[in-house]
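Spelled out, the chains give:
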Amino acid sequence: MKNLKRTLLIIGGSLMLLTAVLVWHIHLVTKPKANGHLANVQLARIDFDAALSAEEAASLRGAVDALPGVQHARVNDDRTNLVYAYDRAQQDQPTVFAVVKDLSSVPCERLVVTAEAAANGCPAMAKGGAQDKLGHWIADLIN
């Protein structure tokens, strides 16, 4: 009986500790914070009508990465689009697109996000899902 009480105490204490850590983590990642230099960083994407050759993809990636204000330019594995982050204070999408269009032999177009899609936020997070509801409940509880 003594061992059972001790085991239950250890299990209960461990669950309480893990729950506290989870709640603290959710509190840290959901509280409002100043973004500083990230406030002007935006993602953009350029889609190609056909797959680029490996050499052309590497060349375009390097050219875009070298532009002022551009960070982390990447070409996807299928080489059908180029994604990059840029500082809106230093660069704009039409300028980057013009450079890519001039250097590419494959026709391309910019991805322009509609106002409706922008209002919905991140497409990776399922709205109304169990994780979303749990996260909002804990964030509301703490904040």
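Located above this text is the structure these notes cover.
Cut-offs applied
Residues numbered from 1 in each chain as written. Predicted model: local features only at pLDDT ≥ 70, side-chain atom pairs only at ≥ 80, totals over all residues. Heavy atoms only, no water. Helix = DSSP H or I, 4+ residues; strand = E, 2+ residues; numbered from the N terminus. Expected span 1.5 Å × (residues − 1). Buried < 20%, exposed > 50% of the residue type's maximum accessible area, 1.4 Å probe, protein only. Arc of directions from axis to C-beta. Contact = heavy atoms within 4.5 Å. Pairing = 2+ DSSP bridges. Phe/Tyr/Trp six-rings, centres within 6.5 Å; stacked < 30°, edge-to-face > 60°.

*Asks:* How do you make sense of helix H5 (residues 130-142) when you look at a structure like this?
*Replies:* Along an α-helix, residues three or four positions apart point the same way, because every turn accommodates 3.6 residues. The end-to-end C-alpha distance of H5, which contains 13 residues, comes to 18 Å, matching closely the 18 Å that a straight helix rising 1.5 Å per residue would cover. When we look at burial in H5, the residues that qualify are Asp-132, Ile-138 and Ala-139. Along the long axis of H5, the arc covered by the buried residues comes to 140 degrees, so they all point the same way. Exposed positions of H5 whose direction lies more than 90 degrees from the buried face are Ala-130, Lys-133, Trp-137, Asp-140 and Leu-141. Close packing links the buried residues of H5 with helix H1 (2-30).

*Asks:* Can you walk me through the side chain of Asp-87 in this structure?
*Replies:* Turning to its location among the elements, Asp-87 is positioned in strand E3 (residues 81-87). Apart from residues lying up to four places away in sequence, Asp-87 is in contact with Asn-40, Val-41 and Gly-69.

*Asks:* Quick question: what am I supposed to make of the pairing of strand E1 (residues 41-48) here?
*Replies:* Residues in a regular strand point their side chains to alternate faces of the sheet. Relative to E3, E1 is paired through seven bridges, and the arrangement is antiparallel. By the bridge assignment, Leu-43 is partnered in E3 with Ala-85. Sheet analysis places E1 next to strand E4 (residues 108-110), joined by three bridges and oriented antiparallel. Its bridge partner lying in E4, Ile-46 is registered against Arg-110.

*Asks:* Sorry, what's going on with the packing of aromatic side chains here?
*Replies:* Think of a pair of aromatic rings as described by two things: how far the centres are apart, and how the planes are tilted against each other in angle. The final tally for this structure, using the stated rule, is one aromatic pair. Ring centres of Tyr-84 and Tyr-86 lie 5.8 Å apart, and the angle between their planes is 45 degrees; this geometry places the pair in the tilted category. Both residues of the pair, Tyr-84 and Tyr-86, count as buried.

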